[in-house]
Amino acid sequence: RSIDLTLPAIKLLAVNMPPNEVRLAYQKVNGLRFEFTAEERNMLLRQGEASIREEVQSLGIYDDARTNAEAFFKTMLARIGYEDITIRFESDEKE
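Residues numbered from 1 in each chain as written. Predicted model: local features only at pLDDT ≥ 70, side-chain atom pairs only at ≥ 80, totals over all residues. Heavy atoms only, no water.

Participant: When you look at the pairing of strand β2 (residues 84–89) in this model, what are you seeing that I'm missing?
Facilitator: For a regular strand, the rule is simple: side chains alternate between the two faces of the sheet. Residues of β2 alternate between two faces, with Ile 85, Ile 87 and Phe 89 buried on one and Asp 84, Thr 86 and Arg 88 left unburied on the opposite face. Where strand β1 (residues 2–7) lies against β2, six bridges are found, and the strand directions are parallel. Directly across from Ile 3, in β2, lies its bridge partner Ile 85. (Buried < 20%, exposed > 50% of the residue type's maximum accessible area, 1.4 Å probe, protein only. Helix = DSSP H or I, 4+ residues; strand = E, 2+ residues; numbered from the N terminus. Pairing = 2+ DSSP bridges.)

Structure representation (structure tokens):
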């Protein structure tokens, strides 16, 4: 038995960096500067999320998602008796 499966385009659904799970690794403060305020930390989180969205393609996230989805569906379909399995993806959505 054979099957040709076309999956939807790979897309980034969400970037969620919960503020309560972000830890400050290093902060050097001199006499002219106070520690980061909550507003500044939130701004930095938003910048980090925006950076991830901009760099998602070069980080290999889409490639990893495609590889993982293909492996998952090939394994699942093979277990139910398909031998000739072709997996395709619709054109990738660009953010």
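Participant: How should the nonpolar core be read in this particular structure?
Facilitator: Among soluble globular proteins, nonpolar side chains are generally buried collectively. Membership of the largest hydrophobic core is limited to ten residues, which are Leu 7, Ile 10, Leu 12, Val 56, Tyr 62, Ala 69, Leu 77, Ile 85, Ile 87 and Phe 89. Broken down by secondary-structure element, the contributors of at least two residues to this core are α2 (61–79) and β2. The residues touching Phe 89, leaving out its near neighbours within four places in the chain, are Thr 6, Leu 7, Pro 8, Ile 10, Arg 66, Ala 69 and Glu 70. (Core = buried A, V, L, I, M, F, W, Y, C linked by side-chain atoms within 4.5 Å. Contact = heavy atoms within 4.5 Å.)

Participant: Looking at this structure, I do not really get the packing of aromatic side chains. What am I missing?
Facilitator: Remark: the centre distance and the inter-plane angle together describe each pair of aromatic rings, the angle taken between the planes. In this structure the tally under the stated criterion is one aromatic pair. Note on Phe 72 and Phe 73: the rings are 5.1 Å apart at their centroids and 85° apart in plane angle, and the pair reads as edge-to-face. For Arg 1, the ring lying beneath its charged end belongs to Tyr 82, and the centroid distance is 4.3 Å. Geometry around Phe 89 places Arg 66 over its ring, the cationic atom sitting 5.7 Å from the centre. (Phe/Tyr/Trp six-rings, centres within 6.5 Å; stacked < 30°, edge-to-face > 60°. Lys NZ or Arg CZ within 6 Å of the ring centre and 35° of its normal.)

Participant: Mind showing me how you'd approach the pattern of salt bridges here?
Facilitator: Evaluated as defined, the whole model comprises three salt bridges. In this structure, Asp 63 and Arg 66 form a salt bridge, with 3.1 Å as the shortest nitrogen-oxygen distance. Of this pair, Asp 63 and Arg 66 both sit in helix α2, three residues apart, which is roughly one turn of the helix. Classification of Asp 63 by relative accessible area gives partly exposed; the value is 42%. Salt-bridge contacts for Lys 74 lead to Glu 70; the nearest nitrogen and oxygen are separated by 3.2 Å. Within this pair, Lys 74 and its partner Glu 70 are both found in helix α2, separated by four residues, close to a single helical turn. (Salt bridge = Lys/Arg side-chain N within 4 Å of Asp/Glu carboxyl O.)

Participant: I tried to follow the environment of Gly 81 on my own but got confused; where do I start?
Facilitator: As for its placement among the helices and strands, Gly 81 is situated in the loop between α2 and β2. In the structure, Gly 81 is positioned 79 residues away from Ser 2 in sequence and 8.9 Å away in space, judged by C-alpha atoms.

Participant: What is the right way to look at α2 in this model?
Facilitator: Turn by turn, an α-helix covers 3.6 residues, leaving residues three or four places apart pointing in a common direction. Here α2 contains 19 residues, and its C-alpha end-to-end distance of 27 Å stays within 8% of the 27 Å for a straight helix at 1.5 Å per residue. All buried positions along α2 are accounted for by Tyr 62, Ala 69 and Leu 77. Projection of α2 onto a plane perpendicular to its axis shows the buried side chains occupying an angular sector of 50°, all on one side. Residues Asn 68 and Arg 79 are exposed on α2 and point more than 90 degrees away from its buried face. Against β1 and β2 lie the buried residues of α2. Looking at the residues trailing α2, positive phi occurs at Gly 81, about 110°. (Expected span 1.5 Å × (residues − 1). Arc of directions from axis to C-beta.)

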